[in-house]
Amino acid sequence: MERAKIRLCVEHPLGEGQAVPLTADQAHYLFSVMRLGLGARVALFNGRDGEWTGEVVEAAKKTGRLLCLGQAAPQLDPPDLWLLFAPIRKERTDFIVEKAAELGCAKILPVQTEFTNAQRIRQDRLQAHALEAAEQCLGTYVPEVRDLQPLAKVLQDWDPARRILWGDESRVGPAETLAGFAPGPWAILIGPEGGFSEPERARLRGCDFVTPVSLGPRILRADTAACAAITLWQSALGDWR
């Protein structure tokens, strides 16, 4: 069965013959924005059941219903990798969340540091960006985006079984490999545009579960550093191997 061009993330279970009701927003998008009608095919995913081809069997201005015809792709979950990052300017923060979703992060945790520019975030807006990224890149999983938390509290409550890969801007030089480290639960930590404060750096160096690494011979912007670190980890320990 040919994969449908338009993709939609839904909350409803997906399976052979399963009816999927649409929210008012989803009905507006499919029938008013995309101009679909009865019989049109839509790719559906919910983060659990893979991608299914749905057929429009009911279409109205604020409601609708699709019927699952068959599975188009199996569920593909990301490896157990989280991204911790300090929010920067709005459009660059959006970029980080979108790329983290595309590159295969399972969870995204914005953290507030001493030099973080943003004092608050719109968690709902960032979650929507993660969902849109999954829809556009044929993903079947949408990473959870947490609300902004102080870095100190995150480290205080951290489970040491999950190691943290810290992209340390002070270690500018040849990019380091992750040879010798085992796959498993990991997180990547990227600091703010001004870097971490000295007390924060001392706190990170004192955590046994934190591994500082160089991301290459150039100092990278925060959004570039996030992409570079995820790529490094995925290539060595993730599902790109």
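The rules behind the values
Residues numbered from 1 in each chain as written. Predicted model: local features only at pLDDT ≥ 70, side-chain atom pairs only at ≥ 80, totals over all residues. Heavy atoms only, no water. UniProt positions renumbered as here; feature names shortened; annotations may be inferred. Helix = DSSP H or I, 4+ residues; strand = E, 2+ residues; numbered from the N terminus. Buried < 20%, exposed > 50% of the residue type's maximum accessible area, 1.4 Å probe, protein only. Contact = heavy atoms within 4.5 Å. Areas by Shrake-Rupley, 256 points an atom, 1.4 Å probe, with all protein chains shown as cover. Lys, Arg positive; Asp, Glu negative; His and termini not counted. Charge placed at Lys NZ, Arg CZ, Asp CG, Glu CD. Phe/Tyr/Trp six-rings, centres within 6.5 Å; stacked < 30°, edge-to-face > 60°. Domains from an automatic or database assignment. Buried area = accessible area lost by both parts, 1.4 Å probe. Salt bridge = Lys/Arg side-chain N within 4 Å of Asp/Glu carboxyl O. Polar contact = N/O pair within 3.5 Å; in protein donor to acceptor, adjacent residues only side chain to side chain. Nonpolar A, V, L, I, M, F, W, Y, C, P; charged D, E, K, R; others polar. Pairing = 2+ DSSP bridges. Axes fitted to C-alpha atoms, helices over the stretch in contact; angles between N-to-C directions.

- The name an unreviewed UniProt entry gives the protein chain is Ribosomal RNA small subunit methyltransferase E, with Rhodobacter lacus as the organism.
- The UniProt entry for the protein chain carries the following text under Subcellular location (unreviewed entry): "Cytoplasm".
- As its UniProt record puts it under Function (unreviewed entry), the protein chain is described as follows: "Specifically methylates the N3 position of the uracil ring of uridine 1498 (m3U1498) in 16S rRNA. Acts on the fully assembled 30S ribosomal subunit."

**What about the overall build of the protein chain?**
Then, number 1: On a plain count of helices and strands, the protein chain comes out with 6 helices and 12 strands.
Then, number 2: Here the protein chain holds 241 residues, and the buried ones make up 48% of them.
Then, number 3: For the protein chain, the proportion of contacts with a sequence separation of at least 24, taken over those separated by at least 6, is 73%.
Then, number 4: Accessible surface computed for the protein chain: about 11800 Å², of which carbon and sulfur atoms make up 52%.
Then, number 5: Taken together, the 28 basic and 31 acidic charged side chains of the protein chain have centroids lying 3 Å from each other.

**Notes on the packing of aromatic side chains**
Then, number 1: Per the stated rule, a full pass over the model turns up 4 aromatic pairs.
Then, number 2: Here the aromatic rings of Trp166 and Phe196 are separated by 6.0 Å at their centres, their planes lie at 80 degrees, and the arrangement is edge-to-face. One end of the pair, Trp166, is in strand E10 (residues 163–167); the other, Phe196, is in the loop between strand E11 (186–190) and helix H5 (198–205), and 30 residues separate them in sequence. Summarising the burial analysis for this pair, Trp166 and Phe196 share the class buried.
Then, number 3: A centroid spacing of 5.5 Å and a plane angle of 90 degrees characterise the contact between Phe181 and Trp186, whose relative ring orientation is edge-to-face.

**Description of the domain arrangement of the protein chain**
Then, number 1: On domain assignment, one finds that the protein chain holds domain 1 (7–73) and domain 2 (81–237).
Then, number 2: Distance from the C-alpha centre of domain 1 to the C-alpha centre of domain 2: 33 Å.
Then, number 3: Taken together, the contacts link 8 residues of domain 1 with 8 residues of domain 2.
Then, number 4: Buried surface at the junction of domain 1 and domain 2, summed over both partners, amounts to about 610 Å²; 63% is from carbon and sulfur atoms.
Then, number 5: Area buried by domain 1 at its contact with domain 2 is led by Arg7, Cys9 and Phe45, which between them contribute 71% of it.
Then, number 6: Connecting domain 1 to domain 2 are 0 salt bridges.
Then, number 7: Counting across the interface, domain 1 meets domain 2 through 5 residue pairs in polar contact (both at pLDDT 80 or more).
Then, number 8: For the side of domain 1 that touches domain 2, the element with the most residues is strand E1 (residues 7–9), which contributes 3 residues.
Then, number 9: Grouping the constituent residues of the side of domain 1 that touches domain 2 by class yields 3 nonpolar, 2 polar and 3 charged.

**Overview of the environment of Glu132**
Then, number 1: Secondary-structure assignment places Glu132 in helix H3 (residues 123–136).
Then, number 2: Relative accessible area serves as the criterion here: at 37%, Glu132 is assigned to the partly exposed category.
Then, number 3: Here the alpha-carbon distance between Glu132 and Ala101, two residues 31 residues apart in the chain, equals 9.3 Å.

**Considerations on unusual backbone geometry**
Then, number 1: Positive phi values are uncommon outside glycine, yet Arg35 reaches one of about 60 degrees.
Then, number 2: Positive phi is not limited to glycine here, since Leu138 has a value of about 65 degrees.
Then, number 3: For Leu138, the position within the fold is in the loop between H3 and strand E8 (144–145).

**Section: the sheet that holds strand E5 (residues 64–73)**
Then, number 1: Taken together, the 5 strands give an open sheet; going across it, the order is E1-E3-E4-E5-E2, and neighbouring strands pair in mixed fashion. Each edge of the sheet is formed by a strand with only one pairing partner; in this case those strands are E1 and strand E2 (19–21). If you compare each strand with its neighbour and ignore which way they point, the axes differ by 40 degrees on average.
Then, number 2: In terms of strand pairing, E1 meets strand E3 (residues 41–45) through 3 bridges, oriented parallel. Paired with Arg7 across the two strands is Ala43, which belongs to E3.
Then, number 3: Of the strands in this sheet, E1, E2, E3, strand E4 (51–59) and E5 are in contact with helix H1 (residues 24–33), which crosses E1 at around 175 degrees.

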